[in-house]
Amino acid sequence: MVGYDPNAQGSALTPEEAALAGSAAGMVTRALISPLDVIKIRFQLQIEKVSWRNRQGKYWGLWQATRCILTEEGLPAFWKGHIPAQLLSVCYGAVQFASFEALTELVHEKTSYNSQTPGVHFICGGLAACSATVACQPLDTLRTRFAAQGEPKIYRNLRHAVGTMFRSEGPFTFYRGLTPTLVAVFPYAGLQFFFYNILKKLLAHKDAKSKGLHSLISGSCAGVISKTLTYPFDLIKKRLQVGGFEEARMQFGQVRTYQGFADCLVRIGREESLRGYFKGLSPSLLKAAFSTGFTFFWYEFFISAIVSLKSS
């Protein structure tokens with residue numbers, strides 16, 4: 001079970017073990033879902049409508065975008081920015097799950113609440129994600145920049161990107177989009193842990209044997225629900241993260257420069273209508289289903305492996 005379990009005292013996790021399992025889960029999951037992430041980011045950054053009925057922009061459908069990227073940029077394009085993305089996943093998974101385990105244990109020891117209730121998981125999951133976001137935001141910005149650029153590339157590699165961004169835009173550029181990220185990540189992650197807790201228990205009551213499958217199904221459903229409810233904030237974050245990166249976006253269509261969260265929020269609504277806030281939702285939901293499902297599945301898998309090693 002994810003989170004501190006007072007009934008498993010003999011095999012309670014240390015923060016280091018939770019961080020290790022979270023890192024491993026993030027690393028495996030990232031390698032599997034990177035193509036969907038690249039397509040999602042391309043959709044989010046497109047100013048023109050993403051619609052197969054009204055084909056104004058470069059991308060107007062999931063399969064069309066896949067073929068377009070594959071034809072123009074080759075198969076490796078689906079793993080653009082994979083190194084910073086992997087660093088992000090490893091770092092984020094470690095901080096998030098270590099914080100979550102520590103927070104749920106703190107709730108058990110310092111309050112009268114049960115650490116395995118959905119409400120506790122919502123609060124602790126949101127706080128853990130906020131901690132991980134602050135720690136990993138520079139890597140998220142780098143990942144977005146790499147996934148957003150076409151050919152020819154603006155950034156040759158990770159070192160070149162960090163140096164160029166620091167010299168031309170200053171150190172705070174690595175934290176572009178932090179405000180909408182924090183606003184969105186608390187309910188997003190909180191709802192993930194909340195619904196995962198509920199769904200996992202419901203499935204366990206029906207069948208106590210298929211624990212791995214339950215983790216995958218519960219995580220996928222939790223990811224889809226939470227992503228749908230908080231998606232506009234993710235889109236705004238991506239738009240802000242590529243500010244100052246207009247040169248690399250010219251070949252994809254129109255570009256915009258936003259002055260901050262409020263300006264971005266208003267201009268998207270005014271120029272792109274309500275549907276503009278949900279560009280890239282389809283690949284994002286696919287990604288959320290696979291990503292969250294795999295993350296919880298692999299986390300519990302690695303936790304079980306650690307517990308087995310400790311017992312032996």
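The rules behind each value
Residues numbered from 1 in each chain as written. Predicted model: local features only at pLDDT ≥ 70, side-chain atom pairs only at ≥ 80, totals over all residues. Heavy atoms only, no water. Helix = DSSP H or I, 4+ residues; strand = E, 2+ residues; numbered from the N terminus. Rg over C-alpha atoms; globule rule 2.2 N^0.38 Å. Buried < 20%, exposed > 50% of the residue type's maximum accessible area, 1.4 Å probe, protein only. Areas by Shrake-Rupley, 256 points an atom, 1.4 Å probe, with all protein chains shown as cover. Lys, Arg positive; Asp, Glu negative; His and termini not counted. Charge placed at Lys NZ, Arg CZ, Asp CG, Glu CD. UniProt positions renumbered as here; feature names shortened; annotations may be inferred. Patch = residues over 30% accessible without salt bridge, like charges linked within 9 Å, V, L, I, M, F, W, Y side chains within 5 Å. Salt bridge = Lys/Arg side-chain N within 4 Å of Asp/Glu carboxyl O. Core = buried A, V, L, I, M, F, W, Y, C linked by side-chain atoms within 4.5 Å. Contact = heavy atoms within 4.5 Å. Disulfide = S-S within 2.5 Å. 1 Å grid on protein atoms, 1.4 Å probe; cavity = no way out; pocket = protein on both sides within 12 Å on 5 of 7 lines; lining within 4 Å. Points joined across faces, edges and corners; volume = space filled by probe spheres on them. Nonpolar A, V, L, I, M, F, W, Y, C, P; charged D, E, K, R; others polar. Phe/Tyr/Trp six-rings, centres within 6.5 Å; stacked < 30°, edge-to-face > 60°. Lys NZ or Arg CZ within 6 Å of the ring centre and 35° of its normal.

(A) Quick look at the overall build of the chain. What the chain contains, in helices and strands, is nine helices and zero strands. When its helices and strands are written in sequence order, the chain yields α-α-α-α-α-α-α-α-α. Taken against the 2.2 N^0.38 rule, which gives 20 Å for 312 residues, the C-alpha radius of gyration of the chain at 20 Å falls within 12% of a compact globule. Considering the chain as a whole, with its 312 residues, one finds that 51% of them fall into the buried category. In the structure as shown, the chain presents an accessible area of about 14,400 Å², 65% of it carried by carbon and sulfur atoms. Charge separation in the chain, taken as the distance between the mean sites of 34 positive and 21 negative side-chain charges, equals 6 Å.

(B) Representation of the UniProt feature "transmembrane region" (unreviewed entry) in the chain. As recorded in UniProt, the feature "transmembrane region" (unreviewed entry) lies at residues 177-199 and 285-309. End C-alpha atoms of residues 177-199 are separated by 32 Å, and the span's content is 96% helix alongside 0% strand.

(C) Looking closely at a nonpolar patch on the surface. There is a patch of nonpolar side chains on the surface, built from Leu70, Leu75 and Trp79 and spanning about 280 Å² of accessible area. Residue position: Trp79 is located in the loop between α2 (62-73) and α3 (82-110). Classification of Trp79 as partly exposed rests on a relative accessible area of 33%.

(D) Layout of the nonpolar core. Formed by 19 residues in total, the largest nonpolar core has its most connected members in Val2, Phe97, Phe100, Phe193, Phe296, Tyr299 and Ile303. Elements represented by at least two residues in this core include exactly α1 (15-45), α3, α4 (118-148), α6 (178-206) and α9 (281-311). Per-element accounting of this core gives the leading share, five residues, to α9. Here Phe97 is in contact with Val2, Ala18, Gly22, Phe193, Thr295, Phe296 and Tyr299, once residues within four sequence places are set aside. Formed by nine residues, the second largest nonpolar core is a distinct cluster that contains Ile47, Leu240, Tyr258 and Ile268.

(E) Quick look at the environment of Leu158. In this structure, Leu158 sits in helix α5 (residues 158-169). Separated by 77 residues in the primary sequence, Leu158 and Gly81 have C-alpha atoms spaced 8.3 Å apart.

(F) Local environment of the pattern of salt bridges. With the rule as written, the count across this model stands at 20 salt bridges. In the salt-bridge network here, residues are joined through shared partners; they are Arg30, Asp37, Lys40, Asp140, Arg143, Lys227, Asp234, Lys237, Lys238 and Lys287.

(G) Structural view of the state of the cysteines. Evaluation of the coordinates by the stated rule reveals zero disulfides. Free cysteine Cys124: the closest other cysteine sulfur is in Cys130, separated by 12 Å.

(H) Inspection of the environment of Gly177 at higher detail. With respect to the helices and strands, the residue Gly177 is situated in the loop between α5 and α6. In this structure the C-alpha to C-alpha distance between Gly177 and Leu235, which are 58 residues apart in sequence, comes to 9.8 Å. Apart from residues lying up to four places away in sequence, Gly177 is in contact with Gln137, Lys237 and Leu240.

(I) Molecular detail of empty space enclosed by the protein. Enumeration over the complete set of coordinates arrives at three cavities of 30 Å³ or more. Quantified by volume, the largest cavity comes out at close to 760 Å³. Secondary-structure elements contributing two or more residues to the lining of the largest cavity are α1, α3, α4, α6, α7 (211-241) and α9. The dominant element in the lining of the largest cavity, judged by the number of residues it contributes, is α6, at eight residues. The residue inventory of the lining of the largest cavity, partitioned by class, reads 16 nonpolar, 15 polar and nine charged.

(J) Region of the structure containing the layout of surface pockets. In this structure, the second largest pocket encloses a volume near 430 Å³. If you trace the second largest pocket, you find 22 residues lining it, with Val50, Ser51, Trp60, Arg275 and Ser282 closest to the centre. Counting residues per element, the ones that place at least two in the lining of the second largest pocket are α2 and α9. Looking at the lining of the second largest pocket element by element, the count peaks at four residues for α2. Taken together, the residues of the lining of the second largest pocket sort by class into nine nonpolar, seven polar and six charged.

(K) Geometry of the packing of aromatic side chains. Tallied over the entire structure, the rule returns 18 aromatic pairs. Each ring, one from Phe122 and one from Phe194, has its centre 6.5 Å from the other, and the planes form 85°; the classification is edge-to-face. Of this pair, Phe122 sits in helix α4 while Phe194 sits in helix α6, and the two are 72 residues apart along the sequence. Classification of Phe122 as partly exposed rests on a relative accessible area of 22%. Seen from their ring centres, Phe290 and Phe294 are 6.1 Å apart, and the 20° between their planes marks the pair as stacked. Of this pair, Phe290 and Phe294 both sit in helix α9, four residues apart, which is roughly one turn of the helix. Overall, the relative accessible area of 41% leaves Phe290 in the partly exposed class. One aromatic cluster is present, formed by Phe97, Phe100, Phe193, Tyr196, Phe296 and Tyr299 through successive ring pairs. The side chain of Lys227 reaches across the aromatic face of Tyr188, ending 4.6 Å from its centre.

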